[in-house]
Amino acid sequence: MIAGTERTPLPRDFFDRPVLEVAPDLLGRTLVRHTASGPLELRLTEVEAYDGPNDPGSHAFRGRTPRNEVMFGPPGHAYVYFTYGMWHCLNLVCGPEGRASGVLLRAGEIRVGADLARKRRISARHDRELAKGPARLATALDVGRTLNGTDVCDGPEAPLSILTGTPPTPDQVRSGPRTGVGGDGAPHPWRFWISEDPTVSPYRAHQPRKRRT
C-alpha cells in the first residue's frame, strides 16, 4: 500500500491553474474510485489537455451547452461524457471558474482493486491493458454519467478523489499530438505521458468517420 504524503488528497488549488500546467502535473497521481463492490486505485500515466475557447478540439470551444456545463467550473470536478454511443470518458475540470478547460484521463496502472477491474474489462489480456485508453479506464473504474459533476476534492471517501501519488521525474514526461483529434486542434502537443510506461495507450491520428450510404 502507498503510505505517507503520497496519500494526501490534492486540494482545489491544484486544479485552479491553467490546463497546460495541470495536465502534466497529474501524471503519477493516484485516482481513487469508491464503488459498492470496493475501492480501486489507479496511478495516472497518460492525460490530454483541452483548453476550452482556445481549443477547437474541446467540447467547450463553441460555448456553454447542457452537455458541457460542468466544464465551466468550479475546478476540481469530474466531467464525464458518452462517446460513439458506447463509451464513457472521464475528465477533470481545471482553471478558473467560468472558463471551460479540462484534462482527459487517458490511461493508468491499477494498483488496488485489479480483481474488480478484471470483471469489467474481461477482454483485457494483461493487467497493463485494464485502463489502457480513456474508455477502458472509465470502464475498469465503473465510471458513468452518474459521476458527472462529482467533486473530486470532497474528501477521501468521495466516489472519486485524487491523491498526491508518485509523480515522475521531469525527464520521464513526454508530450505529443492528442489522439484522435482532427481539424485545427490536431497538431496541439497536449497529450502527456510517462515515458516507456506499459500502460500508456498507442498514438492514433484522427480518422474521419465515414457516413453510411
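Higher on the page you've got the structure.
Residues numbered from 1 in each chain as written. Predicted model: local features only at pLDDT ≥ 70, side-chain atom pairs only at ≥ 80, totals over all residues. Heavy atoms only, no water.

### Things to note about the packing of aromatic side chains
Reasoning step 1: Under the definition given, this model contains two aromatic pairs.
Reasoning step 2: When the ring of Phe14 is compared with that of Phe15, the centres are 5.1 Å apart and the planes differ by 75°; the resulting orientation is edge-to-face. Comparing Phe14 with Phe15, the two get one shared label, buried.
Reasoning step 3: Taking the centre distance of 5.6 Å and the plane angle of 40° together, the rings of Tyr79 and Tyr81 count as tilted.
Reasoning step 4: Seen from the ring of Phe14, Arg17 lies directly overhead, with NZ or CZ sitting 4.6 Å from the centre.
Reasoning step 5: Its guanidinium or amino end placed over the ring of Phe72, Arg64 lies 4.2 Å from that ring's centre, counting from NZ or CZ. (Phe/Tyr/Trp six-rings, centres within 6.5 Å; stacked < 30°, edge-to-face > 60°. Buried < 20%, exposed > 50% of the residue type's maximum accessible area, 1.4 Å probe, protein only. Lys NZ or Arg CZ within 6 Å of the ring centre and 35° of its normal.)

### Observations concerning the side chain of Glu41
Reasoning step 1: Tracing the chain through its elements places Glu41 in strand E2 (residues 38-50).
Reasoning step 2: What makes Glu41 buried here is its relative accessible area of 7%.
Reasoning step 3: With sequence-adjacent residues up to four places away left out, Glu41 is seen in contact with Arg7, Thr30, Leu31, Val32, Glu109, Ile110, Arg111 and Val112. (Helix = DSSP H or I, 4+ residues; strand = E, 2+ residues; numbered from the N terminus. Contact = heavy atoms within 4.5 Å.)

### Brief notes about the nonpolar core
Across soluble globular proteins, you tend to see nonpolar side chains buried next to one another.
Reasoning step 1: In terms of nonpolar packing, the biggest core is built from 40 residues, with Phe15, Leu26 and Leu105 touching the most fellow members.
Reasoning step 2: Looking at this core element by element, the count peaks at five residues for E2.
Reasoning step 3: Residue contacts for Leu26: discarding those within four places in its chain leaves Phe14, Phe15, Leu44, Val47, Leu92, Val103, Leu105 and Ile162.
Reasoning step 4: The next biggest cluster of nonpolar side chains, apart from the first, holds twelve residues, and it includes Val70, Met71, Phe72 and Cys89. (Core = buried A, V, L, I, M, F, W, Y, C linked by side-chain atoms within 4.5 Å.)

### Concerning the pairing of E2
Reasoning step 1: Along E2, twelve of the 13 residues are buried, which leaves the element largely enclosed by surrounding structure.
Reasoning step 2: In terms of strand pairing, strand E1 (residues 30-35) meets E2 through six bridges, oriented antiparallel. By the bridge assignment, His34 is partnered in E2 with Pro39.
Reasoning step 3: Hairpin connection from E1 to E2: two residues lie between these consecutive antiparallel strands.
Reasoning step 4: In this structure, E2 lies alongside strand E5 (residues 102-112), joined through nine bridges in antiparallel fashion. From the neighbouring strand, Leu44 faces E5, where its bridge partner is Gly108. (Pairing = 2+ DSSP bridges.)

The values reported here are purely geometric and, on their own, carry no functional implication.
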